[in-house]
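Observations on the three-dimensional arrangement
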Amino acid sequence: MTEARPGAAASASLWERDAEIAVVTEAVDALRDDASPSASGSLLVIGGEAGIGKTALLTETRRIAERRGCTVWSARGGETVTSVPFNVVRQLLQPALLSLMPEEAREYLGDWYDVAGPALGITEPGERQADPQGVCDGLVVAVSRLAKREWPLVLLIDDAQWADLETLHWLAAFCERLDELRVLVVVALRTGEVTGDSARHLDTIAAAAHRPISTLSELTPDATAGITRATLGAHADAPFCREVWAVTGGNPYETVELLAKVQDSQLEPVEASAAELRALNRSARGNGLVARLESLGIEATRFAWAAAILGTGITVDLVAQLATMRHEEAVRCAELLGAARILAEPDPAARQAAEGELEFVHPLIASAVYRSIPDGLRTAMHGIAAQVVTDSGLGAAAASRHLLEVHPDDDEELVEQMREAAREHLAVGAPEAARRCLERALLEPPLPEVHPHVLYELGCATLLTSPATTIDYLQAALAIPGLEGAVRVDAVCRLSQALLHNDQLDEAVRTVDEEAARLEPGPSRMRLQAVHYMWEGIHAAEEDSPDRSRELAELARTCAGRDNAERALLILRGFDAMTHGENAEEIVELCDRALVNGRLAPGLGWTDTEWGIELLLMLGSAYAYTDRLDRAESLFTEALRAYESAGWSGGHLALAHAYVGLAHRRRGRLREAETSLRESLRLAERVGRGLPLYWSATCGLVDTLLARGHVEEAWALAERYGFAPPYPSTIVLPDTRCVRGRLLLAVGRTEEGVGELEAAEKAAAGRGHNTVLAPWAADLARALAADDPRRAAELALSARRQAELFGTDTAIGEALRVAAALETGQRAAALYARAVTYLEASPCAYEHALARVEYGVATRSAAELKRGLTLARSCGADGLAAQAQRALEDGPGIA
């Protein structure tokens, strides 16, 4: 048992906490271990019921850490402020932020300053909606960099069950990176009190700890007796001490409060007085606490109520305004509440507080006081608090948490306040907070002419985080009168985009078609037509492909790239022609016409929201598969820079990495491709499995691993990430069936592999196809060469004709390479020689390496094998390099 010492009552929560203190001490010492180069950060999670001593243990952790020379930052969640985004992480970083000049903060945070700065309140937000995942990542980087500056650093977070969602999102991401940082994080929470996203984040945080949650237990009767005697004197008898334990249940907070009441009442700690303990205990909590508060007078009660309404940032001046009392009276009330152990000045050792700031002595007191306010009065006080906060210049977002509690009352001003608050929340990367504000605005309700605009704004607020929610709100906005002109067209386009990302592609197309039919010819209708063809263009099934392609070709023929709608149609026509294997030169000419002086037109950039990312990925893909890899790579790299600079770390950044990986793969930079695609897959997992972007990352990575010769790893990855039918309804690059078929062939599951490739053949029936994008014919010909040479030859011939129609060096070279594989002797050698010539001229180094090695094997040429070996090694094609090396070492007759 922790021994008593002076002030034992104050430290009652540390009695019988020797094991937990030993764990904390060990963790702090490990953090301070300069001799260990492998030392990393760690996480401790402390759980337990209210009043069990979690806060006291955090206070002891601070003392231990500071005594060992550590920097300690701390923060605390609050029951009434869970709706305030970034509240807890801002508290946590206050010491560092206050110590830095603006230019120092910008230097430390670097490119992340403009991303994380608005969330931390150290810089103004930008004009566009911030990506919440990007803000989260920016905060992780910010704390990581500040941690290196302040090492050794200990972060203490109390009442994490009441932390805002944005802070929990950051904390979950930060704790997963503790192996890279020398930071000790200690989190205290009440277990089992949260649900939904907060519970999910807390589970992630707990899972990141190297040891289970330390669940604090109640004090034993012996410990309670020790605290009682240390507080009241050694003469406290055993029956009295046993009753203290029985009344409090061994809860440390209740024990301390009860003993304080015993001292106040001058009750003798003997058996004869034990019967009075239950009544005294009731006065320390719940209705008893409320009665004790009321006994201090009406003014003191009003002051406590106002403080509970504010929740944080409690000052005498603010409370006086909210409680409508004179300053002198407010000061007197604060003193009364301090003497009654209801309010107190924050412990300067725990955190930096503003001058004159107050806080409740314990969260249990704050909750009890807040709940004691009559419902109608509590609502009215929140309304007044909103006005007080607004008048203080803190902005609509700060006032919104109070307005959320006000009853609906047809208040036009409240609707506008909540819309403004939502804009502020979106600008700092808090879409959930924005959603709450706009949903509250709907309850008011808005005026009929404003109502659809609020619904539209709700749809925009959730577009980056929840396609399904976006769909509901935008459909509702479009179903009632009010949205007209460009705003209505934008709502339709956003709705169709959300439907696409929710894997409802047919409905996405139908949505834009119905709206287009309402409009007269003009820019708005052309925009909707372009979106129609964009969604149909990425539909994997494409049942009406020939007709659609003809319609699109006719429409694009009239486009000169005069505006972005025309440019979009040119890109769509180019992409459609590329997927169908039409002439590559004509495809490139179409794509070039969509640019302005070789660059993306204003309003058509990667972070512009009018058209979305899909159109530009189609443009880059058209270049990538027509051997214009320099242009494709430039576009995809520009996307990556744009999203990183803007702090977009969700699906957009995942797709950018996937397509940068695609460019590397086409170039033959297989190592770089693998790195980009793994990062894409990591980001895609955070957005959600099953979405098109997830398939892009997985398919590209499996294809790259196969090219590298890492077949077992490719199979394991496919199994882990579900790379198997059913496939998404959208086109995935490279073709999913072709990659899956090639994988099955590589692991010896030939029949299944042939089945996948034949399914790809069936999907392309009746129309042309790009033999590089979807090389099913070539792979199928190789697979059938031994058992069905006639069909294999037909497939190879068909692929060659299609490649010659397409006309790129890569397509023709690959077709010749397949044809050569089906021949022998001089015929094979001649075809390989021609394949090498074409592929040497193409930008695709891996395919060139393949042709060189196969040519060397066919002709038993050491010179060709050595060239192929050098190329394979430079590409990172380990399997091909090993094949070439074996041929050089073992092949008889190699010269």
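Use the structure listed above.
What counts, and where the lines are drawn
Think of each chain on its own: its residues are numbered from 1, step by step along the sequence as written. Totals for whole chains, interfaces and linings use every residue, but because this is a predicted model, local features are given only for residues with pLDDT of at least 70 and side-chain atom pairs only at 80 or more, for both listing and counting. Side-chain descriptors were evaluated using all non-hydrogen atoms of the structure, hydrogens and water having been removed beforehand. A run of H or I in DSSP counts as a helix once it spans at least four residues, and a run of E counts as a strand once it spans at least two, with each numbered from the N terminus. Only protein chains enter the accessibility calculation, which uses a 1.4 Å probe; a residue whose area is less than 20% of its type maximum is buried, one above 50% is exposed, and one in between is partly exposed. It only takes one pair of heavy atoms within 4.5 Å for two residues to be counted as in contact. For the accessible areas, the method is Shrake-Rupley and the probe is 1.4 Å, while residue cover comes only from the protein chains on display. For the charge count, each Lys or Arg is scored as positive and each Asp or Glu as negative, with His and the chain ends excluded. To locate a charge, the coordinates of NZ of Lys, CZ of Arg, CG of Asp or CD of Glu are taken. Two aromatic rings, drawn from Phe, Tyr or Trp (for Trp, its six-membered ring), form a pair once their centres lie within 6.5 Å of each other, and the interplanar angle then sorts them: stacked below 30 degrees, edge-to-face above 60, tilted otherwise. Comment: the charge-over-ring label is applied if NZ (Lys) or CZ (Arg) is within 6 Å of the ring centre and within 35 degrees of the ring normal. Only a pair of cysteine sulfur atoms within 2.5 Å qualifies as a disulfide here. By this definition, two strands are paired if DSSP reports at least two bridges between them. When a carboxyl oxygen of Asp or Glu lies within 4 Å of a side-chain nitrogen of Lys or Arg, that pair is called a salt bridge. The nonpolar core is taken to be a set of buried Ala, Val, Leu, Ile, Met, Phe, Trp, Tyr and Cys residues, with the residues joined through side-chain atoms within 4.5 Å. In this analysis, the expected span of each helix is defined as 1.5 Å times one less than the number of residues it contains. Relevant arc is that of directions from the helix axis to the C-beta atoms, nothing else. Throughout, an axis means a line fitted to C-alpha atoms (over the contacting stretch in the case of helices), and angles, computed between N-to-C directions, take values from 0 to 180 degrees. Should an angle lie under 35 degrees it is considered roughly parallel, over 145 roughly antiparallel, and from 65 to 115 roughly perpendicular; all remaining angles are considered oblique. For any pair of crossing helices, the crossing counts as left-handed if the nearer helix is rotated counterclockwise from the farther one by less than a right angle, and right-handed if it is rotated clockwise. Basically, the charged four are Asp, Glu, Lys and Arg, the nonpolar ten are Ala, Val, Leu, Ile, Met, Phe, Trp, Tyr, Cys and Pro, and anything else, Gly included, counts as polar. Classification remark: right-handed applies to a crossover when, strands pointing away from the viewer, the course from the first strand over the helix to the second runs clockwise.

1. Some details on the overall build of the chain
Helix and strand counts for the chain stand at 44 helices and 8 strands. With respect to the three principal axes, the spread of C-alpha positions in the chain is 110 × 70 × 50 Å. The buried share among the 895 residues of the chain stands at 57%. In the chain, 67% of the contacts between residues at least 6 apart in sequence involve partners at least 24 apart. Element-wise, carbon and sulfur atoms account for 50% of the exposed surface of the chain, whose accessible area totals about 36500 Å². For the chain, the distance from the average position of its 88 positive side-chain charges to the average position of its 131 negative side-chain charges is 5 Å.

2. What about the packing of aromatic side chains?
Tallying each qualifying case throughout the model produces 7 aromatic pairs. Pairing Tyr 643 with Trp 648 gives two aromatic rings, centres 5.5 Å apart and planes at 15°, and the pair type is stacked. Taken as a pair, Tyr 643 and Trp 648 share a single burial class, namely buried. When the ring centre of Tyr 370 is taken as origin, the NZ or CZ atom of Arg 378, which lies over that ring, is 5.3 Å away. One cation-aromatic arrangement involves Arg 527 over Trp 611; the distance from NZ or CZ to the ring centre is 5.7 Å.

3. Remarks on the state of the cysteines
The tally for this structure, following the rule as stated, stands at 0 disulfides. The thiol of Cys 844 is unpaired, and the distance to the nearest cysteine sulfur, on Cys 875, comes to 10.0 Å. Using a relative accessible area of 0% as the deciding quantity, one classes Cys 844 as buried.

4. Some points on the sheet that holds strand S4 (residues 183-189)
Spatial strand order, S2-S3-S4-S1-S5: 5 strands in an open sheet with parallel pairing. Pairing within the sheet leaves two strands with one partner each, and these edge strands are strand S2 (71-76) and strand S5 (214-215). Pairing geometry for S2 and strand S3 (residues 153-158), over 6 bridges, is parallel. Each residue of the ladder has a partner; that of Arg 76, found in S3, is Asp 158.

5. Re the sheet that holds strand S7 (residues 343-344)
Pairing is antiparallel in the open sheet, where 3 strands are placed in the order S6-S8-S7. Every interior strand has two partners, whereas the edge strands, strand S6 (314-315) and S7, have only one. Direction of pairing for S7 relative to strand S8 (residues 357-360): antiparallel, over a ladder of 2 bridges. When the bridges of S8 are listed, Ala 344 appears paired with Glu 359.

6. A closer look at the pattern of salt bridges
Counted according to the given criterion, the structure contains 56 salt bridges. Note that Arg 177 and Glu 180 form a salt bridge whose closest N and O atoms lie 3.3 Å from each other. Taking relative accessible area as the criterion, Arg 177 reaches 29% and is therefore assigned partly exposed. In this structure, Arg 791 engages Glu 761 in a salt bridge whose closest nitrogen and oxygen atoms are separated by 2.8 Å.

7. Comments concerning the nonpolar core
Ranked by internal contacts, the top residues of the largest apolar core, which has 135 residues, are Leu 569, Leu 572, Trp 606 and Val 702. In this structure Leu 572 touches Ala 530, Tyr 533, Met 534, Leu 552, Leu 615 and Met 618, once residues within four positions along its chain are discounted. By size, the runner-up hydrophobic cluster in this structure holds 54 residues, among which are Leu 43, Trp 73, Leu 109 and Cys 136.

8. Concerning helix H43 (residues 862-875)
Under the 1.5 Å per step criterion, the end-to-end length of H43 is 20 Å for 14 residues, consistent within 8% with the ideal 20 Å. The set of residues buried in H43 consists of Ala 862, Glu 864, Leu 865, Gly 868, Leu 869, Ala 872 and Cys 875. Seen along its axis, H43 keeps its buried residues to an arc of 155°; they face one direction. Turned more than 90 degrees away from the buried face of H43 sit Lys 866 and Thr 870, all of them exposed. Where H43 is buried, its residues contact helix H33 (670-687), helix H42 (845-859) and helix H44 (878-890). A positive backbone phi angle near 85° is found at Gly 876, which sits one or two residues after H43.

9. With respect to the packing of helix H20 (residues 412-427) against helix H22 (residues 451-461)
Two numbers describe how H20 lies on H22: the axes approach to 11 Å, and their chain directions differ by 15°. Classed by the angle they form, the pair H20 and H22 counts as roughly parallel. Note on packing geometry: the crossing formed by H20 with H22 is left-handed. Facing H20, whose interface residues are Val 415, Arg 419, Arg 423 and Leu 426, H22 presents His 453, Val 454, Glu 457 and Ala 461.

10. Some remarks on the packing of helix H32 (residues 651-667) against H42
Contact pair H32 / H42: the axes reach a minimum separation of 5 Å and the direction vectors enclose 30°. One finds that H32 runs roughly parallel with respect to H42. Between H32 and H42, the contacting residues are Arg 665, Arg 666 and Arg 667 on the first element and Ala 845, Tyr 846 and Glu 847 on the second. Across the contact of H32 with H42, the residue classes tally to 2 nonpolar, no polar and 4 charged.

11. Things to note about the environment of Arg 145
Its location among the elements puts Arg 145 in helix H6 (residues 132-150). The partly exposed category is assigned to Arg 145, whose relative accessible area is 32%. The spacing of Arg 145 and Ala 714 is 569 residues in sequence and 36 Å in space, taken between C-alpha atoms. Not counting the four nearest positions on each side in its chain, Arg 145 is found in contact with Tyr 108, Leu 109, Gly 110 and Trp 112.

12. Some thoughts on the environment of Ile 52
Residue position: Ile 52 is located in the loop between strand S1 (42-47) and helix H2 (54-67). Under the relative-accessibility criterion, Ile 52 is labelled buried at 1%. Taking C-alpha positions, Ile 52 is 31 Å from Leu 181, a pair spaced 129 residues apart along the chain. When near neighbours in sequence (up to four residues on either side) are disregarded, Ile 52 contacts Arg 17, Leu 216, Ser 217, Glu 218, Asn 251 and Pro 252.

13. Some remarks on the side chain of Thr 626
Mapping Thr 626 onto the fold places it in the loop between helix H30 (613-624) and helix H31 (629-646). If near-sequence neighbours (up to four positions away) are discounted, Thr 626 is found in contact with Met 578, Ala 584, Ile 587, Val 588, Phe 806 and Thr 808.

14. Observations concerning the pairing of S4
Summarising burial for S4: 7 of the 7 residues are buried, a large majority. Neither face of S4 is open: one carries Val 183, Val 185, Val 187 and Leu 189, the other Leu 184, Val 186 and Ala 188, and all of them are buried. As defined by bridge partners, S1 adjoins S4 across 6 bridges and the pair is classed as parallel. Bridged to Val 45 within S4 is Val 187. Pairing analysis gives 5 bridges linking S3 to S4, with the strands arranged parallel. The residue of S4 that forms the bridge with Leu 156 is Val 186. The handedness of the S3 to S4 crossover, carried by helix H7 (residues 165-175), is right-handed.

15. Remarks on H30
Its 12 residues give H30 an end-to-end C-alpha distance of 16 Å, which sits within 8% of 16 Å, the value for a rise of 1.5 Å per residue. Among the 12 residues in H30, 12 count as buried, and that is most of the element. For H30, every residue scored as buried is listed here: Ile 613, Glu 614, Leu 615, Leu 616, Leu 617, Met 618, Leu 619, Gly 620, Ser 621, Ala 622, Tyr 623 and Ala 624. Close packing links the buried residues of H30 with helix H24 (485-501), helix H26 (523-537), helix H28 (564-579), helix H29 (584-593), H31 and H32.

16. Examining the pairing of S3
In terms of burial, S3 is largely enclosed, as 6 of its 6 residues are buried. Neither face of S3 is open: one carries Leu 153, Leu 155 and Ile 157, the other Val 154, Leu 156 and Asp 158, and all of them are buried.

17. Observations regarding unusual backbone geometry
The step from Glu 444 to Pro 445 runs through a cis peptide bond, and the omega angle for that step is -10°. Its place among the elements puts Pro 445 in the loop between helix H21 (431-443) and H22. Even without being a glycine, Gln 266 presents a positive backbone phi close to 55°. On the secondary structure map, Gln 266 appears in the loop between helix H11 (252-265) and helix H12 (277-282). A residue is classified by how much of its surface remains accessible, and Gln 266, at 70% relative accessible area, is exposed.

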